[in-house]
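Next come the chains, spelled out residue by residue.
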Amino acid sequence: MTNACVIGWPIKHSRSPMIHNYWLAQHGIEGRYEKVAVEPADLSDFLKNLAQNGYRGCNVTVPHKEAAFALADVVHDEAIAVQAANTFWLEGGQLHADNTDIYGFLAHLEQSAPNWHKGQSVTVLGAGGAARAIAYGLSHSGAASEVRLCNRTLARAQALQASFKEHNVSVVDWQQRHEALAGCALVVNTTSLGMEGSPSLDLSLAALPASAVVADIVYVPLETPLLAQARQKGCRTVDGLGMLLHQAVPGFERWFGVRPQVTKELRDLVVADLGE
Ligand code: ATR
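Quick caveat: nothing in here was measured; it's all calculated off a predicted structure.

*Asks:* Even after reading the chapter, I still don't get the domain arrangement of the protein chain, so can you show me in this structure?
*Replies:* Many descriptions give the size of an interface as the accessible area lost when the pieces come together. Domain boundaries assigned for the protein chain yield domain 1 (2-99 + 243-274) and domain 2 (102-239). Computed over C-alpha atoms, the centres of domain 1 and domain 2 are 26 Å apart. Listed per partner, the contact involves 15 residues of domain 1 and 16 residues of domain 2. Roughly 1500 Å² is buried in total at the junction of domain 1 and domain 2, and carbon and sulfur atoms are behind 65% of that figure. The interface formed by domain 1 and domain 2 holds one salt bridge in total. For R267, the salt bridge identified is with D239, shortest N-O distance 2.7 Å. Applying the counting rule to domain 1 against domain 2 returns three residue pairs in polar contact (both at pLDDT 80 or more). Of all elements in the fold, only α4 (77-82), α9 (241-246), α10 (249-256) and α11 (264-274) reach the threshold of two or more residues within the side of domain 1 that touches domain 2. Residues belonging to the side of domain 1 that touches domain 2 are distributed by class as follows: nine nonpolar, three polar and three charged.

*Asks:* Sorry, what's going on with the packing of aromatic side chains here?
*Replies:* Centre distance and the angle of the planes are the two values used to describe a pair of aromatic rings. Applying the stated criterion to the full structure yields six aromatic pairs. Judged by centre distance (4.8 Å) and plane angle (45°), the ring pair of F252 and F256 falls under tilted. Pair noted here: F252 and F256 are both in helix α10, with a separation of four residues, about one helical turn. Since its relative accessible area comes to 0%, F252 is described here as buried.

*Asks:* Help me understand the site of the ligand in this model?
*Replies:* Lining the immediate environment of the ligand, one finds 13 residues, of which G129, N151, R152, T153 and R156 sit closest. Between an oxygen atom of the ligand and a main-chain N or O atom of A127, the distance comes to 3.0 Å. Within the side chain of R152, an N or O atom sits 2.9 Å from an oxygen atom of the ligand. A breakdown of the residues in the shell around the ligand according to their chemical character gives four nonpolar, seven polar and two charged.

*Asks:* How should the nonpolar core be read in this particular structure?
*Replies:* Side chains of a nonpolar character, in soluble globular proteins, are inclined to be buried together. Ranked by size, the top nonpolar core spans 31 residues in total, and within it W116, L138 and L186 carry the most contacts. Elements that contribute at least two residues to this core include exactly α4, α5 (101-112), β7 (120-125), α6 (129-140), β8 (144-150), α7 (154-163), β10 (184-189) and β11 (213-216). Residue contributions to this core peak at six residues, all from α6. When we break this core down by domain, the ones giving at least three residues each are domain 1 (2-99 + 243-274) and domain 2 (102-239).

Here is what the cut-offs are and how they apply
Residues numbered from 1 in each chain as written. Predicted model: local features only at pLDDT ≥ 70, side-chain atom pairs only at ≥ 80, totals over all residues. Heavy atoms only, no water. Domains from an automatic or database assignment. Contact = heavy atoms within 4.5 Å. Buried area = accessible area lost by both parts, 1.4 Å probe. Salt bridge = Lys/Arg side-chain N within 4 Å of Asp/Glu carboxyl O. Polar contact = N/O pair within 3.5 Å; in protein donor to acceptor, adjacent residues only side chain to side chain. Helix = DSSP H or I, 4+ residues; strand = E, 2+ residues; numbered from the N terminus. Nonpolar A, V, L, I, M, F, W, Y, C, P; charged D, E, K, R; others polar. Phe/Tyr/Trp six-rings, centres within 6.5 Å; stacked < 30°, edge-to-face > 60°. Buried < 20%, exposed > 50% of the residue type's maximum accessible area, 1.4 Å probe, protein only. Near = heavy atom within 4 Å. Core = buried A, V, L, I, M, F, W, Y, C linked by side-chain atoms within 4.5 Å.

Put into structure tokens, the structure is as follows:
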């Protein structure tokens, strides 16, 4: 039996087991996907003993994405680009690491807004791990001609910009975030603002073209105040749940040998669970 797992600290609220076990059942694959609470001090031992514990690989989540990346034998391009990994697998006795958040974001965007206006400017709000993955993905793939990074703490946005080899990433002051949307084909919120229990993002969409797409990585609630505002303006919206579903696809394929689909049924299952 092939097994995989997700590790984090804490890990209780992870939806990854629901996603992967849905696909295992759907494809009639004998295997299991578990969640395991791993303290930071135990991370190295856990990854060394993956095979002994019956695992083909694992996902890693907060707070291990950077530390686990440094422990892999072979690190793939997207993980190198964002200096963090979320998907690990054993191959030829070596531990491989990649970052599938970039794929997850771009695949979901493509599925939800297939003909969004690629090749134009985009604004990314935030400068944490998610911003790094999304800004890199948009810039490196050529989907955006220019990425405007805008973060409350300017120095973090500047550090992120300096870490990219891509030259089409610029930094905008947080106070200028409303004006930064002029001429953009896409705006992405990667901050925690709008999440249940957090204040909403104060962002005027007046300068944003009505043809633009507004994306949020927050998925509780599914329609954040930002997305509701965008919908009222007539913009297409892309919620945060799809990124979570799509980022799971490459890992499942590595471990279990089948490329799974993100279906409406799977999405509904996770949405129902979020509502509980
Ligand atoms: P992750 O790695 O998951 O993206 P993170 O590193 O905690 O998360 O980043 C959270 C983002 O939300 C940051 O960009 C943060 O801005 P700062 O770098 O200035 O901290 C942003 N954020 C959180 N609370 C905010 C607030 N009240 N106003 C503006 N930005 C906020």
